[in-house]
Amino acid sequence: AGPGRAGAERACLCRRERVRAMFYHAYEHYLESAFPYDELRPLTCDGQDTWGSFSLTLIDALDTLLILGNVSEFQRVVNVLQEGVDFDIDVNASVFETNIRVVGGLLSAHLLSRKAGVEVEAGWPCSGPLLRMAEEAARKLLPAFQTPTGMPYGTVNLLHGVNPGETPVTCTAGIGTFIVEFATLSHLTGDPVFEDVARKALKALWKNRSDIGLVGNHIDVITAKWVAQDAGIGAGVDSYFEYLVKGAILLQDKELMSMFLEYNKAIKNYTKFDDWYLWVQMYKGTVSMPVFQSLEAYWPGLQSLIGDVDNAMRTFLNYYTVWKQFGGLPEFYNIPQGYTVDKREGYPLRPELIESAMYLYRATRDPTLLELGRDAVESIEKISKVDCGFATIKDLRDHRLDNRMESFFLAETIKYLYLLFDPDNFIHNDGSDFDVVVTAYGECVLSAGGYVFNTEAHPIDPAALHCCRKRREEQWEVEDLMREFYSQKKTKRFTLKRAPDHGEREDAKDPADASSEKAGEKRNSKKSSHSLLSCPSQSFNSKLAVLGQVFLDNT
Amino acid sequence: SCSRAKDVTMPAKLPVNFFSTRSPVIDLFRGQLDYADQLRQDSEIVLYFFYAPWCGQSIAAREEIEHVASRLSDQVLFVAVNCWWNQGKCRKQKHFFYFPVIHLYHQSFGPIEYKGPMSAVYIEKFVRRVMTPLLYISSRSKLLDFLSNYEPGVVGFFEFNASPQPPGYLTFFTSALHSLKKDYLGTVRFGVVTDKRVAEEISLVHSGSVYLHRHANTSLIYPKDIMNFTAENICKWALENREMLIRWLRPHGGKSLLLNNELKKGPALLIFIPYNPLAEIHPLLDEITKVALEYHKCNKSQAAEADLQHVGDSDSPAFDSSVPDAHLKFSETFPIAKYPCCNTVVLPQWHSISRTHNVCELCVNQTLGVKPNKVHVPHCNFLEIEAALDSFYLQEHTFFQVISNTIECSNFLSFYSPFSYYTACCRTVNRHFLSFISSEKTIFQTPKVAFSSHGKKDNTQFSIPHIEDRNCFIPDLNISSMNITGLSCRTNKTLNLYLLDSNLFWIYAERLGASRSTHLKEFAAIVDLKEEVHYVLDQNQSLVGPTLENFIKNFSVLYSPLKRHLVDDPSVHFHEEHVVTEVTTSTFHQTVFLSAKNVLLLYYAQWCGFCASLNHIFIQLARLLPPDSFTVARIDVTRNDLPWEFMTDRLPTILFFPHQRKEQSVKFPEDFSVNLPNLLKFILHHSSLSSSEPCTKECLHKESVLQQGHISLLEREIQKLRSEISALHQAHDQLEAQLSEARREEQRLQQQKHTLEKQHKSLQLHSEQLQATYDQKNRELLEMAEKLQELADASENLLKENALLRILVASRGRKLQSKDEIEEPLQSEQTLSEDNDISLSIATAALEEKRIDNIDTVETEHSSGNRTE
């Protein structure tokens, strides 16, 4: 007999506890054997520096601690980091990785620190030790952006800036994956430089897309020539698309969204085959590699954020079959051959498929997604658990292990797994709970849900962006309006201010007038242009689109 | 650290037992496929369970397999093979894309892959089917049993009298096994008849003939002369020609278009029942089958009636009666219509969210006119009904005035024909439509025709009911007289019938609105994918034949009384403390339309990124607006269906329902960014607070209320400012504390500086002293060096002197020699040489002394060197 609802819930909680145990197995061994190095080497039980020398695993795992509810350890680690981490070091660091792991990790820890019971200083969330650290780290990255195109170098020396003779070739994701962290920094600190450089880099990529609307894999940041011309949604490009969407959500920015939608159209046209996404030549659109990459598995999650749940589910189910074949996702999977690709058989315990499962489970509550979670827990425990932690799978064909545990295992894989099995986690808050914080800039509503995860799974509270410098101006306006509210005789006619639009728009007309009449609605529907910042509501057949059932479009 | 650690890898762990050693399942965890093949020789029936030890599905299925094995281990050999370990034979020979894979062998026949649900009962059922693919049918009643089943049956007739192995029997047996390969659900059942008299029942005369039974269409006999008599062909023939009156839907969990393909065929009735495939009897299923057979019985074939009878009364001894008898019996029970021609009219409603219907039964009572014949259920000619409707609408206000739960009827004369009059009975019908039907039944049996009515007083403006499909033939609508028999052929809304096991697929029922709290997992819904609607059979009624029949009938009638089911999110509870009111399907009307406040409603979905990031704005807005005149509400439209007119196709959508003008809702313009000032302006623009009329008493009152509101707002503002001030105070205190801390620090530093300075001084002193001693030593050293130099000089002199002396000695030697030669001249020089001798001895002594001195100075030099170091 099938398990009932209560049974399913119990199974869910039981798996959640297994994930928690997995976390501590890895985390404690890191602290014991590898700290203060960046990463744990699980086979030799020691540590190594990989992306710099920042105790990376600790920074990355910090907000996972809170999501697991371990407040005291969170507080301890915050202190350890404040004392122990130094960015004035002569280290060549990846601009991209430092941003997503270090800046992102510190920002999210800063924004969550009040929830974690850390005694925050008076200016929080607009000031705080972790924020200062994040800012410091981000400032170390700024020299990389000083190029003729505004697109950053891939590597920067934290002490000396860009090394002379540094290669100008950077991958697309290394250029377009800053807006979430940098815009948050700018909003919190009031220094616009971060958001500005991130936007400039995004625009440069947009300008250099091909005639058919695709971007390649690597570009020369000096000459803006594409060096690698493979276009797809995976390695080298992935988080660029992700950040267009997440930036649009976080900043309510139509321009970013319109860029993404254009790309999305081209991606569907040229790379999508039978719910798989292949690699094509960026100028011609011809298929160059019929492979699925492990990194591409974030795509269904991204689609679900903008409401394309049907397509997301179909692609997810494709990817899930690959997992079922190997117990993990190989870095490359040849779709026509149905097997791994030579030299790309590894699975470094990446989070992307689980991430998508978490987003999709929010949208559909489909038990199939919990099943993937179950499979992931079983696989990771059975295959990669060793005495000292969890080891990267070097080869999915025979499950040979490698001496590495990437920091994203604790930052992302475990976090998304835990969140998949913990539907009541504060991260899933749908707006029924919130905190009110009084800052020097006024009263501020925080923790109302809608957390935007950066590409290293560090959640950013979108409400926090409205808390600092900008709040003041808005507050005066709101107070004026409220005064108007209570006065009997209305003197002013209220017209809405058009959103600050970067893209071109139609002529402005008074929207308040237009919408007040029925005719206005009709005009709107005729125009058939809907807000870019919206999702389509789900179709009728989505009620039955669970347990693997998919529906073809009626059109 | 060790650089070789980078290249450290570790092979996968060695495989271990997957099943416990006490399990009845043989576990070949090293993937010994060759041994597995050997084992196959030992048993007639073998089940292979190919697994991967890391696979979640394999782990979940393990328990189920063990359960089946514990029940069948005496007849079936269960072998589990680890088909993942790359050193094992299995991995090397087989290439699976998923795990677990279950293969069955019946002796040498196989593999038959099991693709059904991974649940013990289903697996056991399938294994049993593989064990006995043919059912032995020994008697007539067993034959009827076999044929009455809803699933297609194939019967082979083989006479075993002539030979122990009649020709074709083996082929037939194999075809039964073969069908399990193709049709893993085992929908086509195979039976064998050996008795000639039993075979005659289905007009099989020759041994070796094969018969496919069908209910609605004529049954078939395998055309041996056209197709070769092979297992594959028989199987293919049966699968192609089988009749699926009612189908099980069993999605396998992977990506599939099953529901898409089935539901796109047209409206579908999905029936969810808990199903145990191993159970001997399925009373509920039989009842549903009966309904299905009757629904599909269009051409009243004899066989169908026989079955019907059998299903309804399976243990009746009347079964020995021949088929024509059954037919006769059936005709007698066929309801003979005595009722006038009627039409159900659903009146338009004022608001569609109400759970009630306005249903009227409009009947033409003809004193002269067509008399219904025995066979056909009476139906109204379209013109007649239209005429009746016309008259009816002229009279309708009389019905609408009545708000009653009892049935109100009235008669009125036709405007067109003096011979007929119409009767209308109307009443409010809520979801419990069945009670309506049953009560109606009694009414319709009286010549006075019933009518039902319900209405609201103010709905006159909407009172034109729509008639769908005007040019279509209107089927019989008299519910009481309409029979379900053959309805599928008479209605243009034919339903496909499907069964789902609620033990496995209850989630679909929940999605369609089945209650989550119910213990009895029975549910029925009609889903119309094209129209994007679904109807639900009230869960308060037990799922039995008659209710199901009525459900189908209600769907089939032209003005269907069924209401689109709106799925409601039951998990939402009303929270007073939530600043943003959560609206559901059931509270929508209450919160939005009935409340005396201005309502700002946000349509959202949890998964939509653009909605979730607006949460804080709506919370702020709700905290800002006076709660006694404004409601800020939201509805999750993925979990709450709304009537069509309130649906929206994009999320988020923001609607404003101004107080007193709720019907004139306004939409927040989409191309404006959603932020607090914009929302406030939007509300200000549309709120009904503004009025330009001259002030009356009411207005003054309003004004005062308004001002009161303002005051409370200002008070809240003050509160906020106070808290802001306190926050600033706190910050100030904190700064103060930090400052004093800094000052203390400074002082401490100052003190430290002093002590450091002191230390510095003493150190300087010390260093001066050291310098002095150093100088002194240096000087001493220099002196020593000088002395040394002197000594060296002296020794050099001595050496020179020595050499001189040697020369002297040599010259003296020579002189002595010459002395011998010249004694005389030597005598004179004697004294000189003695002088020389004395001086030599003095020099030697001095030299000796110097040497000792020299060693001494070297020693002192050494020790002083040590000190300066």
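In this convention, every chain numbers its residues from 1, walking through the sequence in written order. Written order decides the labels, with chains lettered from A and ligands numbered from 1. With the structure being a predicted model, the display of local features is reserved for residues of pLDDT at least 70 and the display and counting of side-chain atom pairs for 80 or more, all residues being used for whole-chain, interface and lining totals. With hydrogens and water stripped out, all remaining heavy atoms of the structure feed into the side-chain values.

## Quick notes on the overall build of chain A
Each helix is a run of H or I in the DSSP string that is no shorter than four residues. Each strand is a run of E no shorter than two, and both are numbered from the N terminus. Within chain A, the regular secondary structure consists of 18 helices and 24 strands. For chain A, the C-alpha radius of gyration of 24 Å lies close to 24 Å, the compact-globule estimate for 555 residues. Overall size of chain A, expressed as C-alpha extent along the three principal axes, is 75 × 60 × 60 Å. Considering chain A as a whole, with its 555 residues, one finds that 64% of them fall into the buried category. We call two residues in contact when some of their heavy atoms are within 4.5 Å. Of the contacts formed within chain A by residues at least 6 apart in sequence, a portion of 68% connects residues at least 24 apart. Each radius of gyration reported is based on C-alpha atoms, and the globular scaling rule is 2.2 Å times the count of residues to the power 0.38. Throughout this description, buried means an accessible area under 20% of the type-specific maximum (1.4 Å probe, protein chains only), exposed means over 50%, and partly exposed covers the range between.

## Some details on the domain arrangement of chain B
All names here are of chain B. Its domain assignment divides chain B into domain 1 (26-126), domain 2 (132-244), domain 3 (248-298 + 486-565), domain 4 (340-347 + 355-371 + 405-430) and domain 5 (593-687). On a C-alpha basis, the centres of domain 3 and domain 5 stand 37 Å from each other. Accessible area that two parts lose when put together, evaluated with a 1.4 Å probe and summed over both, is termed the buried area. For the pair domain 3 and domain 5, the summed buried area comes to about 310 Å², and 47% of that belongs to carbon and sulfur atoms. Put simply, a salt bridge is a Lys or Arg side-chain nitrogen that is within 4 Å of an Asp or Glu carboxyl oxygen. Remark: the boundary between domain 3 and domain 5 carries zero salt bridges. Residues adjacent in sequence count toward polar contacts only when both atoms are side-chain atoms; beyond that, a polar contact is any pair of N or O atoms within 3.5 Å, and within protein one must be able to donate a hydrogen and the other to accept it. Counting across the interface, domain 3 meets domain 5 through one residue pair in polar contact (both at pLDDT 80 or more). Where a domain begins and ends is set by an automatic assignment or by a domain database.

## A word on the UniProt feature "active site" (unreviewed entry) in chain A
Residue and element names in this part refer to chain A. The positions that UniProt labels "active site" (unreviewed entry) are, in the present scheme, Glu-97, Asp-238, Glu-331 and Glu-352. By the secondary structure assignment, Glu-331 is in the loop between α12 (309-326) and β14 (332-334). Beyond its immediate sequence surroundings of up to four residues, Glu-331 is in contact with Phe-292, Gln-293, Ser-294, Arg-344, Gly-346, Pro-348 and Arg-350. Overall, the relative accessible area of 10% leaves Glu-352 in the buried class. When near neighbours in sequence (up to four residues on either side) are disregarded, Glu-352 contacts Ser-294, Leu-295, Ala-297 and Tyr-298. UniProt positions are given in the numbering used here, feature names are shortened, and annotations may be inferred rather than shown by experiment.

## Focus: the UniProt feature "binding site: Ca(2+)" (unreviewed entry) in chain A
As annotated in UniProt, the feature "binding site: Ca(2+)" (unreviewed entry) corresponds to A:Thr455 in the numbering used here. Take A:Thr455: its relative accessible area is 15%, and that puts it in the buried class.

## Looking at the packing of aromatic side chains
Ring geometry is summarised as follows: Phe, Tyr and Trp rings, the Trp one being its six-membered ring, pair when their centres sit within 6.5 Å, and such pairs are stacked at plane angles under 30 degrees, edge-to-face over 60 and tilted between the two. Applying the stated criterion across every chain yields a total of 60 aromatic pairs over all chains. When the centroid spacing of 6.4 Å and the interplanar angle of 40° are considered together, the rings of B:Tyr169 and B:Phe173 count as tilted. Placement of both B:Tyr169 and B:Phe173 in helix α6 (residues 169-182) is noted, with a separation of four residues, approximately one turn of the helix. Considered together, B:Tyr169 and B:Phe173 belong to a single accessibility category, that of buried residues. By way of ring pairs, the aromatic residues A:Trp206, A:Tyr240, A:Phe241, A:Phe260, A:Tyr263, A:Tyr277, A:Tyr298 and A:Trp299 are connected into one cluster. Two conditions define a charge located above a ring, namely a distance within 6 Å from the ring centre to NZ of Lys or CZ of Arg, and an angle within 35 degrees of the ring normal. Over the ring of A:Phe332 we find A:Arg344, and its NZ or CZ is 4.8 Å from the ring centre.

## What about the interface of chain A and chain B?
Contacts between chain A and chain B engage 132 residues on the former and 121 residues on the latter. Summed over the shared surface of chain A and chain B, the number is five salt bridges. We note a salt bridge from B:Lys681 to A:Glu477, for which the minimum N-O separation is 3.2 Å. For the interface between chain A and chain B, the tally reads 35 residue pairs in polar contact (both at pLDDT 80 or more).

## A short note on the pattern of salt bridges
Pairing is possible between side chains of opposite charge, provided their charged atoms come close. All names here are of chain B. This structure, assessed with the given rule, holds 50 salt bridges over all chains. For Glu-582, the salt bridge identified is with Arg-634, shortest N-O distance 2.9 Å. Taken together, the residues span a long stretch of sequence, with Glu-582 in strand β22 (residues 581-583) and Arg-634 in strand β24 (residues 630-636) at a distance of 52 residues. Note on Glu-582: relative accessible area 16%, which makes it buried. Looking at Arg-634, the relative accessible area reads 5%, which means it is buried. Where Glu-745 meets Arg-748, a salt bridge forms, and the shortest distance between an N and an O atom there is 2.9 Å. Of the two residues, Glu-745 and Arg-748 are both situated in helix α22 (residues 697-821); the distance of three residues between them amounts to about one turn of the helix.

## Things to note about the pairing of strand β26 (residues 653-657) of chain B
Residues and elements named next belong to chain B. With five of five residues buried, β26 lies mostly within the body of the structure. As paired strands, strand β23 (residues 598-604) and β26 are joined by five bridges and run antiparallel to one another. Along β26, the bridge assignment pairs Leu-600 with Phe-656. Two strands pair when backbone bridges link them, and β26 and strand β27 (residues 666-667) are joined in this way by two bridges, in the antiparallel orientation. Across the sheet, residue Leu-655 finds its bridge partner in β27, namely Lys-667. Two strands are said to pair when DSSP picks up at least two bridges between them.

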